[in-house]
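# Summary of structural features
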Amino acid sequence: MPKITPFQRYTGQYENWFTEHRWVYEAELRAVKALLPESGRGLEVGVGTGRFAGPSGIKTGLEPSVRMQEIAWDRGIKVLAGVAEDLPFGDGKFDLVLMVTTVCFLDDIHKAFREAHRVLANGGFFIAGIVDRNSLIGQKYLKHQNENVFYKIATFFSVDEVANIMRQAGFTDFMFRQTIFQRLSEIDDKEPVKSGYGEGSFVVIRGRKEQDFKQLRLIQAKLTVALPFLVL
């Protein structure tokens, strides 16, 4: 069952967070952009109101909350209703699948990551931006989880846990970016984005769907039989 009730009921509060924490948002956006591919067909799963898809040039989003869908549409995102565990797209349709602060609200993280892998083309990228459970902010959110209308229904993960589940889903060639090294009230426009993880509270994890070399070899073999004069 998708966890949409707070996002339907408190959409205004969700939007206000980005205004009140402008520098936090911009640092997180820079961290996401640092790992985006230069081109390709992109999809953001759990697109929300389009706060990350829009500035990242991603034109397609998936979102179960109707109220958030409407705002994302106004920001130029083509939004479909649906959930991460059952993506309404064919195999290999995208070069990028993005999830930003969506992982902690998934009903089945393993199934959702397998679906992301399925809809990616060979060589495509899956990027997840998370609040690291082991970080300063992650620990604060856990301590006060029941006081927050959104995070009371969340399941927080560490970076290692998310990366391991991505590996199980078939992703390789990992890269990491981190930011938010202080309390949210202390963040300004100079908040850095660094490689790796373990210091920052917001971490972006990128994995790649490997090329299907077995399939390529099969195609080459068929071409060799059909066109023996062709040098491959």
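Here goes a summary of the coordinates provided. These numbers come from a predicted model, not from an experiment. (Residues numbered from 1 in each chain as written. Predicted model: local features only at pLDDT ≥ 70, side-chain atom pairs only at ≥ 80, totals over all residues. Heavy atoms only, no water.)

Counted under the stated rule, the structure contains nine salt bridges. Across the salt bridge formed by Arg118 and Asp91, the nearest N and O atoms sit 2.8 Å from each other. With Arg118 in helix H5 (residues 109–119) and Asp91 in the loop between strand S3 (78–80) and strand S4 (94–100), this pair connects stretches of sequence that are 27 residues apart. Residue class for Arg118 comes out partly exposed when judged on its relative accessible area of 23%. Between Asp173 and Arg208 there is a salt bridge, with the nearest N and O atoms lying 3.3 Å from each other. Separated by 35 residues along the polypeptide, Asp173 in strand S6 (residues 171–179) and Arg208 in strand S8 (residues 202–209) bring together distant segments of the chain. In this structure Arg208 comes out as partly exposed when scored by relative accessible area, which is 22%. Connected via shared salt-bridge partners are Glu15, Arg51 and Arg75. (Salt bridge = Lys/Arg side-chain N within 4 Å of Asp/Glu carboxyl O. Helix = DSSP H or I, 4+ residues; strand = E, 2+ residues; numbered from the N terminus. Buried < 20%, exposed > 50% of the residue type's maximum accessible area, 1.4 Å probe, protein only.)

This paragraph deals with the side chain of Ser56. Note that Ser56 resides in the loop between strand S1 (42–45) and strand S2 (60–62). Ignoring anything within four residues of it in the chain, the contact list for Ser56 reads Leu29, Val32, Lys33 and Leu36. (Contact = heavy atoms within 4.5 Å.)

Considered for burial, the residues of H5 that qualify are Ile109, Ala112, Phe113, Glu115, Ala116, His117 and Val119. Each element contacted by the buried residues of H5 is listed here: S4, strand S5 (120–131), helix H7 (159–168), S6 and S8. Sitting at the amino-terminal end of H5 is Asp108, which places a side-chain oxygen 3.2 Å from the backbone nitrogen of His110. (Polar contact = N/O pair within 3.5 Å; in protein donor to acceptor, adjacent residues only side chain to side chain.)

As far as function goes, none of this settles anything; it's purely spatial.
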